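Each chain, letter by letter, is given below.
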Amino acid sequence: MTVDHGGGTANNTEAELSDSLKTFGAVLKALREEAGLTQEEFAPRVRYSAAYIAKIEQGKRFPPADLPARAGEVLGPVGAKVLTAAAKSLTRRAGLASWFQQWAGIEEEAISLYAYECRAIPGLLQPEGYIRAIYDRRLPPVSEEQIERQVTARLDRQQIISTRQNTAFSFVIEQAILDRRMGGRDVTRGVIDHLLKVGTRRNVEIQIMPALQEDHCGVDGLMYLAETPAHQWIGYTEGQRSSNLISAPKDVSVMLQRYGKLRSQALDCRATVELLEQMRGAL
């Protein structure tokens, strides 16, 4: 599976993980139906949304670590044991796909989402032309089928910005990403238009980090942060063919401090709009 923010691939892991995710989802669905519960009835009892439970049952999302325990409160101790056993086949399969499946699920439930990007436009803000430009240049090369699958998946993920209107989204993006003109002038123009459009939403803040900024605390690279409905903060980072989900409070606190400083060092939203319009006019 390709990590959605632009990381590497783990094709061998993808097939194994997909099969085991589908198996876990089928087990969860069977237990739920045996209890005589619909997804809409089951979801609030385990404190997740019905849409999230549906995707887990379809094998499209990595189940949260606490799902078997929560489900046990509804399905009983036997149900908890069965789900715990099914989950072990997932946790033994380390790799990019598992980390991203977990993060995608966290994204969908988050009440706050922060992103600092210095490599590429954040996945949640990428228009179709930009997504295709990324995968056209992917090494090793990918097939047309893989590109279409990734484009569809990423555009589907982006729906959370419009559907989760009570979630606060904050993005800090390096100007250099736009200066690079990935995919050419037309693609870059499309990216800028998309940023300007999404930035008008009341729950979205987009800030550009100017190319010249002597006070800059983002030298350790990109970071993503999410606040869960339980008000727990979780971090996510990526590197070359690697990714990391960060939940230790001490480490997450460091990321939150750095992200707060980055927001203060970047252009504010109004100045960002002015810069984007200026850059678009120069294309």
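Residues numbered from 1 in each chain as written. Predicted model: local features only at pLDDT ≥ 70, side-chain atom pairs only at ≥ 80, totals over all residues. Heavy atoms only, no water.

(A) Here's a closer look at the pattern of salt bridges. Per the stated rule, a full pass over the model turns up 15 salt bridges. In this structure, the salt-bridge partner of Arg132 is Glu148, at a minimum N-O distance of 2.7 Å. In this pair, Arg132 sits in helix α7 (residues 128-136) while Glu148 sits in helix α8 (residues 144-157), placing the two residues 16 residues apart along the sequence. Here the residues in one salt-bridge network are Lys55, Arg61, Glu108 and Asp156, joined through shared partners. (Salt bridge = Lys/Arg side-chain N within 4 Å of Asp/Glu carboxyl O. Helix = DSSP H or I, 4+ residues; strand = E, 2+ residues; numbered from the N terminus.)

(B) Region of interest: unusual backbone geometry. Here the residue pair Leu139 and Pro140 is connected by a cis peptide bond, since its omega of -5° sits within 30 degrees of zero. Along the polypeptide, Pro140 turns up in the loop between α7 and α8. Phi is positive for Arg181, which is not a glycine, with a value near 60°. By secondary structure assignment, the location of Arg181 is in the loop between α10 (175-179) and α11 (185-198).

(C) Geometry of helix α3 (residues 50-57). Those residues of α3 lying buried are Tyr52, Ile53, Ala54, Ile56 and Glu57. Just past α3, the residue Gly59 takes up positive phi, approximately 80°. (Buried < 20%, exposed > 50% of the residue type's maximum accessible area, 1.4 Å probe, protein only.)

(D) How the structure looks around helix α13 (residues 269-282). For α13, built from 14 residues, the straight-helix expectation of 20 Å at 1.5 Å per residue is met to within 8% by its first-to-last C-alpha distance of 20 Å. Taken as a whole, α13 has its buried residues at Thr272, Leu275, Leu276 and Met279. With its buried residues spanning 100° around the axis, α13 presents them on a single face. Exposed residues lying more than 90 degrees from the buried face of α13 are Arg270, Gln278 and Gly281. (Expected span 1.5 Å × (residues − 1). Arc of directions from axis to C-beta.)

(E) Spotlight on the packing of α11 against α13. Here α11 crosses α13 at 155°, and the two axes come no closer than 10 Å. Relative to α13, the element α11 lies roughly antiparallel. Classified by chirality, the crossing of α13 by α11 is left-handed. Packed against α11, whose contacting residues are Arg185, Arg189, Ile192, Asp193, Leu195 and Leu196, the element α13 presents Val273, Leu276, Glu277, Met279, Arg280 and Ala282 at the interface. Within the contact of α11 with α13, the residues separate by chemical class into 7 nonpolar, no polar and 5 charged. (Axes fitted to C-alpha atoms, helices over the stretch in contact; angles between N-to-C directions. Parallel < 35°, antiparallel > 145°, perpendicular 65-115°, else oblique. Left-handed = near helix turned anticlockwise from the far one by under 90°. Contact = heavy atoms within 4.5 Å. Nonpolar A, V, L, I, M, F, W, Y, C, P; charged D, E, K, R; others polar.)

(F) Broad picture of the nonpolar core. Core analysis: the largest hydrophobic core is formed by 42 residues, its most contacted members being Trp103, Leu125, Phe171, Ile173 and Leu178. Those residues in contact with Leu125 that sit more than four places away from it in its chain are Gln158, Ile161, Phe171, Ile173, His194, Leu195, Val198 and Ile206. Counting residues in hydrophobic clusters, the runner-up holds 16 residues, among them Tyr48, Leu83, Ala86 and Ala87. (Core = buried A, V, L, I, M, F, W, Y, C linked by side-chain atoms within 4.5 Å.)

(G) The arrangement of the confidence of the model for the chain in detail. Taken as a whole, the chain shows an average pLDDT of 87; of its residues, 89% reach a score of 70 or greater. Here residues 1-16 is a poorly scored stretch, pLDDT under 50, and it has 50 contacts once near neighbours within four places are set aside; other chains count. Taken together, the stretch residues 92-97 has pLDDT below 50 and engages in 14 contacts with residues farther than four places along the chain or on a different chain. (pLDDT = per-residue confidence, 0-100.)

(H) Inspection of the packing of aromatic side chains at higher detail. Applying the stated criterion across every chain yields a total of 6 aromatic pairs. Aromatic pair Tyr48 and Tyr52: ring centres 5.4 Å apart, planes at 75°, arrangement edge-to-face. This pair shows no difference in class: Tyr48 is buried, exactly as Tyr52 is. Ring geometry for Tyr224 versus Tyr236: centroids 6.5 Å apart, planes at 75°, classification edge-to-face. (Phe/Tyr/Trp six-rings, centres within 6.5 Å; stacked < 30°, edge-to-face > 60°.)

(I) Representation of the sheet that holds strand β6 (residues 242-246). Sheet architecture is open: 6 strands sit in the order β3-β2-β1-β4-β5-β6, paired in mixed fashion. Every other strand in the sheet has two partners, leaving β3 (204-209) and β6 as the edge strands with one partner each. For this sheet the average axis-to-axis angle between neighbouring strands, irrespective of direction, equals 10°. With 6 bridges connecting them, strand β2 (residues 168-174) and β3 associate as parallel partners. Its bridge partner being in β3, Phe169 is matched across the sheet by Val204. Strand contacts of helix α12 (residues 249-265): β1 (112-117), β2, β3, β4 (223-227), β5 (233-239) and β6, with the helix running at about 110° to β4, the strand carrying the most contacts. (Pairing = 2+ DSSP bridges.)

(J) Expanded view of the pairing of β6. The sheet contact formed by β5 and β6 spans 5 bridges and is antiparallel. Looking at the pairing, Gly239 lines up with Ser242 of β6.

(K) Quick peek at the side chain of Glu117. Mapped onto the elements, Glu117 comes out in strand β1. Although Glu117 is buried, it forms no salt bridge, and the closest oppositely charged side chain is Arg119 at an N-O distance of 4.2 Å. In this structure the side chain of Glu117 is engaged in a polar contact, spanning 3.3 Å, whose partner is the backbone nitrogen of Arg119. Side chain to side chain, Glu117 and Tyr224 meet in a polar contact 2.7 Å long. (Lys, Arg positive; Asp, Glu negative; His and termini not counted. Polar contact = N/O pair within 3.5 Å; in protein donor to acceptor, adjacent residues only side chain to side chain.)

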